Amino acid sequence: MYGAADWRDAKYEEVLEQEQLGLERRRAADAALTVEDIEAQLKHLYIMEGADWSGRGELQDIVLAATIAAYEHFIAEWKAEEKS
């Protein structure tokens, strides 16, 4: 059985992996996709993160944090790839 922190970590990792895989698949399938498109979506995620006036709850906070981390990582890798 999961402890209090264990389920949080497991959910974060699950969402992070799913989002990264989804972003990679999207890039592979959409030749018109640009890093700027992904950055615009990340900007929207930042806005959602700051607009927690309705009280998302702990689970949704974890999901949003993992999603943002996946986008940040994906963008950083894409930009590094373009430089090399």
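Each chain has its residues counted from 1, running along the sequence as written. The model is predicted, so local features are restricted to residues of pLDDT at least 70 and side-chain atom pairs to those at 80 or more, both for listing and for counting; the totals for chains, interfaces and linings are taken over all residues. For side-chain calculations, the full set of non-hydrogen atoms in the structure is used, while hydrogens and water are omitted.

A. The arrangement of the overall build of the protein chain in detail. In terms of helices and strands, the protein chain carries three helices and zero strands. Seen through its C-alpha atoms, the protein chain measures out along the principal axes to roughly 45 × 30 × 20 Å. Burial classification: accessible surface area is computed with a 1.4 Å probe over protein chains only, and a residue below 20% of its type maximum counts as buried, one above 50% as exposed, and the rest as partly exposed. Counting across all 84 residues of the protein chain, residues that qualify as buried make up 23%. Any pair of residues with heavy atoms lying within 4.5 Å of one another is described as a contacting pair. Partitioning the intrachain contacts of the protein chain with sequence separation of at least 6 by distance along the chain shows that 74% fall at a separation of at least 24. Note on areas: Shrake-Rupley with a 1.4 Å probe; residue coverage comes only from the protein chains shown. When the accessible area of the protein chain is evaluated, it comes to approximately 5800 Å², of which 55% is carbon and sulfur surface. Mean positive and mean negative side-chain charge positions of the protein chain (9 and 19 charges, respectively) differ by 3 Å. Starting at the N terminus, helices and strands are each numbered in turn, a helix being any DSSP run of H or I of at least four residues and a strand any DSSP run of E of at least two. Just so you know, the count uses Lys and Arg for positive and Asp and Glu for negative, and it drops His and the chain ends. In this description, the location of a charge corresponds to atom NZ of lysine, CZ of arginine, CG of aspartate or CD of glutamate.

B. Spotlight on the pattern of salt bridges. By definition here, a salt bridge exists when the distance from a side-chain nitrogen of Lys or Arg to a carboxyl oxygen of Asp or Glu is within 4 Å. Applying the stated criterion across every chain yields a total of five salt bridges. Linking E81 and R27 is a salt bridge whose minimum nitrogen-to-oxygen distance equals 2.8 Å. Taken as a pair, E81 in helix α3 (residues 58–83) and R27 in helix α1 (residues 4–29) lie far apart in primary sequence, 54 residues in all. The class of E81 is partly exposed, set by a relative accessible area of 46%.

C. Quick look at a negative patch on the surface. Any residue with relative accessible area above 30% and no salt bridge may belong to a patch, with like charges joined within 9 Å and the nonpolar Val, Leu, Ile, Met, Phe, Trp and Tyr side chains within 5 Å. There is a patch of like negative charges on the surface, built from D6, D9, E13 and E17. Considering the arrangement of structural elements, one finds D9 in helix α1.

D. Inspection of the environment of E24 at higher detail. Mapped onto the secondary structure, E24 falls in helix α1. By relative accessible area, which is 45% here, E24 ends up partly exposed. Separated by 50 residues in the primary sequence, E24 and F74 place their C-alpha atoms 8.1 Å from one another.

E. Structural context of the nonpolar core. In plain words, nonpolar cores are sets of buried Ala, Val, Leu, Ile, Met, Phe, Trp, Tyr and Cys residues tied together by side-chain atoms within 4.5 Å. Core analysis: the biggest nonpolar cluster contains 12 residues, these being L23, L33, V35, I38, L42, L45, L64, I68, Y71, F74, I75 and W78. Taken together, the elements giving at least two residues each to this core come down to α2 (35–50) and α3. Discounting chain neighbours no more than four positions away, the residues touching L23 are I38, A70, Y71 and F74. One finds V15, L16, A66 and A69 within the second-largest nonpolar core, a separate group that totals five residues.

F. Representation of α2 within the structure. Taking 1.5 Å per residue as the helical rise, α2 with its 16 residues ought to reach 22 Å, and the 23 Å between its terminal C-alpha atoms agrees with that figure. Looking only at α2, the buried set comprises V35, I38, L42 and L45. Projected down its long axis, α2 shows its buried positions confined to an angular sector of 70°, all on one face. In α2, the exposed positions angled more than 90 degrees off the buried face are occupied by E36, K43, I47 and G50. Take the number of residues in a helix, subtract one, and multiply by 1.5 Å to get its expected span. The arc in question is traced by the directions running from the helix axis to the C-beta atoms.

Distances and angles like these do not, on their own, reveal function.
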